[in-house]
Amino acid sequence: MRPLVVSGGVGLEIVAPAALPDMGLVDSETPAAKAKQRDARLRRLVDAYLDFVGRVLRNAGTPAAEIDDAVQRTFIAAARRLDDVRPGAEKSFLLQIALHVAAHARRSAARRREVPAAEPPEVVDSATPEQLTSQKRARQMLDQVLDEMELDLRTVFVLYEFEEMSMVEIASVLGIPQGTVASRLRRARADFRERVRALERASASEVER
C-alpha cells in the first residue's frame, strides 16, 4: 500500500475501498427486497381497504353469497398489477377492479337464474312470498340498469348513492375535478331514472298482454 507522506515525515497509509470491512448493508433494489416491499404494500392495502371493497361490491350488485369470493378476486387482481399503481392512487385502483368484479358477478348470477337450480332456494322466514318477489324484481332491475350504464357514470353513481361518499371524496379517489363529479352524477341520475322508467314500461306492457 502506497504511504502518503505529510509534513514532519510522518507516513499515513491509504486504505483501499476493497479493504473496508463489510458493514452488512442490504441493497434495497435486490429482487428479494423488492418482493418484501411489495408484499408489505399489499398487506397494507388489504388492511386499509378490505371493508371498502366489500361495500363497493355489495352496493354494485354482487350477490350476497359471493361477496367474500369477490373480495378475494379483487385483491388477487390488484396484486398482479400492484407495481403499476402509483402511491396515493390505491383506493381508486381497487375501486375500478371491484366494479369490474361486481359486473362479472352480476352477469354470472343472471346466467345462473336462467338455469333451474339443482338445490332448493334459501328460505327467508322473515319475508313473505310477495316481499321476496318484490325484492327479486328490484334487484334484477338494479342489476340490469347498472350493467347498462356507462362505466364513468356508474362509478360516480355507485360511490355517491350507495357508498355515500361526498363529491370531494369521489373527486379525490378518481383523480378528477369536483365539477366533473357533479356533471357525471347529474347525468348518471338522469340516465338511471330513464332506464328504470323504460324497464317499468316494458314490464307493464308484458303484464297487459
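Now for a description of the structure that goes with this document.

How each quantity is defined
Counting restarts for each chain: residues are numbered from 1 in the order of the written sequence. Residues qualify for local features only when their pLDDT is at least 70, as the model is predicted, and side-chain atom pairs are given and counted only at 80 or more; totals for whole chains, interfaces and linings, by contrast, use all residues. Derived side-chain values reflect all non-hydrogen atoms in the structure, with water molecules and hydrogen atoms excluded from consideration. Working definition of a nonpolar core: buried Ala, Val, Leu, Ile, Met, Phe, Trp, Tyr and Cys residues. They are joined through side-chain atoms within 4.5 Å. Here the term buried applies to any residue with accessible area under 20% of the maximum for its type, exposed to any over 50%, and partly exposed to those in between, with areas from a 1.4 Å probe on protein chains only. Only DSSP runs of H or I covering at least 4 residues are called helices, and only runs of E covering at least 2 are called strands; the numbering of each starts at the N terminus. Contacts are assigned to residue pairs with any non-hydrogen atoms lying within 4.5 Å of each other. For helices, the fitted line uses only the C-alpha atoms of the stretch in contact; every axis is such a line through C-alpha atoms, and the angle between N-to-C directions lies from 0 to 180 degrees. An angle below 35 degrees is treated as roughly parallel, one above 145 as roughly antiparallel, one from 65 to 115 as roughly perpendicular, and anything else as oblique. Crossing handedness: left-handed means the near helix sits turned counterclockwise from the far one by under a right angle, and right-handed means the same turn made clockwise. Three classes are used: nonpolar for Ala, Val, Leu, Ile, Met, Phe, Trp, Tyr, Cys and Pro, charged for Asp, Glu, Lys and Arg, and polar for all others, with Gly counted as polar. Think of a salt bridge as a Lys or Arg side-chain nitrogen and an Asp or Glu carboxyl oxygen that are within 4 Å of each other.

Moving on, we come to the nonpolar core. Judged by nonpolar contacts, the single largest core of 43 residues is most densely connected at Val 53, Leu 57, Leu 95, Met 149, Ile 170, Leu 174 and Phe 192. Of all elements in the fold, only helix 1 (31-59), helix 2 (67-80), helix 3 (90-113), helix 4 (129-148), helix 5 (151-162), helix 6 (167-174) and helix 7 (178-208) reach the threshold of two or more residues within this core. Here this core gets eight residues from one element, more than from any other, and that element is helix 3. Once you skip the residues sitting within four places of it in the chain, Val 53 turns out to touch Val 71, Thr 74, Phe 75, Leu 94 and Ala 98.

Another aspect to go through is the packing of helix 5 against helix 6. Between helix 5 and helix 6, the least distance of the axes is 10 Å, while the angle of their chain directions is 135°. As summarised for this structure, helix 5 and helix 6 are arranged oblique, according to the angle between their axes. The two elements helix 5 and helix 6 meet at a crossing, and its hand is right-handed. For the pair formed by helix 5 and helix 6, the contact residues are Thr 155, Val 156, Leu 159 and Tyr 160 on the first element and Met 167, Ile 170 and Leu 174 on the second. Of the residues belonging to the contact of helix 5 with helix 6, the class tally is six nonpolar, one polar and no charged.

Across all of its chains, the model carries ten salt bridges by this definition. Across the pair Glu 163 and Arg 55 runs a salt bridge whose closest N-O atoms are separated by 2.7 Å. A residue pair is termed long-range when its members are at least 10 positions apart, and Glu 163 in the loop between helix 5 and helix 6 and Arg 55 in helix 1 qualify at 108 residues. Exposure remark for Glu 163: the relative accessible area of 11% places this residue in the buried category. The partly exposed category is assigned to Arg 55, whose relative accessible area is 34%. Glu 148 is the partner of Arg 195 in a salt bridge, and the nearest nitrogen-oxygen pair spans 3.3 Å.

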